[in-house]
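What the coordinates show
Spelled out from the first residue to the last, the chains are:
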Amino acid sequence: MRSADVILIAQVVSTGSHRAFAKLVEAHQAPVRRFLLRLTHGDAMAADDLAQETFIRAWQHMRDFRGLSGFETWLMRIAYRLFLDEQRKTKQPALTIDDNSAAAQPAAFMEQSPVYAVPGAALKMDIDKAMATLSTDERTCVTLQCVEGYSIKDIASITQMNENTIKSHLARGKRHLAEYLRGNGYS
Amino acid sequence: MNKEDNMMNINDEVLLESFFAEARTDVTDDGFVERVMAALPERQTSFATLRRWSKATDIVGGIVLAVGAALIVGNYLSTVYADGFSFSPSAVLVNAMLFLHRLPDHIMMPSLQQLLSIAAAAVVLMTLFIQQFATIIRKQLL
């Protein structure tokens, strides 16, 4: 854990310093929001609502942070749990390449090509459309490892999944993603 | 796993690395920190407890100040007007001068009333000091 975080956390716990907590939010808002953006298929408003709730929960339960994992890992764990709770509440079906049911493949989202042109550059792939072909667990593990750079052990701490399960999700998720990218002309 | 499978895996890794490099975009603040701070609920901390206690001592201090002031004023009136009460300006001036003249006697041999007045004044001063100290510390930390 960064030494700057340790000092700020100590200030928040002992004195309830708003200034210290604002610095913590500033330092960690980007990875938390980026993670939730991938989980919510690029829905920036939903991701920011969840991210805001993540930091509010962190503020309320700062005394529960034991320092066994990094502070950001702890935040990601809160964010992931909030996302799962929200999914259960709204009963959103997971978009997955293996599920052929119409309900799991919203037409408006999937019918457009995932590949788009950027002036003066090579064709780009819409990341959220590509990631939407994975199951929630695969998307979570792939995002945490490939985008945020977390180790298998950290992913296990965040998601409370078994390490072997995580490895399995990663292998399957990456394979599906690579097939999808090649199938849509990404190289 | 044969050589072809290994090549496929390496190609997959290269493809995915290129794909995810684009996904690692920086997320700018755009007012997010401000919104979070505005939405924070009040939190129970040891410092918040100190603030509540300092407010309580303000109230107690105010009552003690009022009682202390009444004792001091009452003591003054009973001392200078022991021989009779007069509202004339010259009488008030003379009585004030007599009180000041006799002040060293009061200090050297204070009565119970005077001791209570001094104790009340000391408590009030301490309360004000603690409250100001707490306010300064809070402003430093916020």
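So, here is what we can say about the structure in this document.

We now examine the overall build of chain A. Regarding its fold elements, chain A presents 9 helices and 2 strands. Listed by position from the N terminus, the elements making up chain A come as α-α-α-α-α-β-β-α-α-α-α. The proportion of buried residues among the 187 residues of chain A is 49%. When contacts within chain A are restricted to residue pairs at least 6 apart in sequence, those whose partners lie at least 24 apart make up 59%. When the accessible surface of chain A is summed, it comes to about 8,900 Å², and 51% of that surface belongs to carbon and sulfur atoms.

Between two aromatic rings, the relevant description is the distance of the centres plus the angle of the planes. Within this structure, the stated rule accounts for 6 aromatic pairs over all chains. Three or more aromatic residues link up through ring pairs in this structure, and these residues are Phe65, Phe71 and Trp74 of chain A.

So, about the nonpolar core. Phe21, Leu36 and Leu177 of chain A together with Phe20 of chain B are the most contacted members of the largest nonpolar core, which totals 62 residues. Counting contributing residues per domain, this core is built from domain 1 (3-90) and domain 2 (102-183) of chain A, each supplying no fewer than three. Among all residues touching phenylalanine 20 of chain B, those that are not within four sequence positions of it are Met131, Val142, Cys146, Val147 and Leu177 of chain A.

What follows covers the interface of chain A and chain B. Of the residues lining the interface, 42 residues belong to chain A; the matching set on chain B comes to 33 residues. Summing both partners gives a buried area of about 3,400 Å² for chain A against chain B, and 63% of it is carried by carbon and sulfur. Ranking the residues of chain A by area buried against chain B places Arg33, Trp59 and Tyr186 of chain A at the top, with a combined share of 16%. Where arginine 182 of chain A meets aspartate 12 of chain B, a salt bridge forms, and the shortest distance between an N and an O atom there is 2.7 Å. Inspection of the chain A/chain B interface yields 6 residue pairs in polar contact (both at pLDDT 80 or more). Going through the elements one at a time, helix 1 (3-15), helix 2 (18-39), helix 3 (44-60), strand 2 (124-125), helix 6 (127-131), helix 7 (136-147) and helix 9 (163-183) of chain A are the ones with two or more residues in the side of chain A that touches chain B.

Reading the values: the criteria
- Residues numbered from 1 in each chain as written.
- Chains lettered and ligands numbered in written order.
- Predicted model: local features only at pLDDT ≥ 70, side-chain atom pairs only at ≥ 80, totals over all residues.
- Heavy atoms only, no water.
- Helix = DSSP H or I, 4+ residues; strand = E, 2+ residues; numbered from the N terminus.
- Buried < 20%, exposed > 50% of the residue type's maximum accessible area, 1.4 Å probe, protein only.
- Contact = heavy atoms within 4.5 Å.
- Areas by Shrake-Rupley, 256 points an atom, 1.4 Å probe, with all protein chains shown as cover.
- Phe/Tyr/Trp six-rings, centres within 6.5 Å; stacked < 30°, edge-to-face > 60°.
- Core = buried A, V, L, I, M, F, W, Y, C linked by side-chain atoms within 4.5 Å.
- Domains from an automatic or database assignment.
- Buried area = accessible area lost by both parts, 1.4 Å probe.
- Salt bridge = Lys/Arg side-chain N within 4 Å of Asp/Glu carboxyl O.
- Polar contact = N/O pair within 3.5 Å; in protein donor to acceptor, adjacent residues only side chain to side chain.

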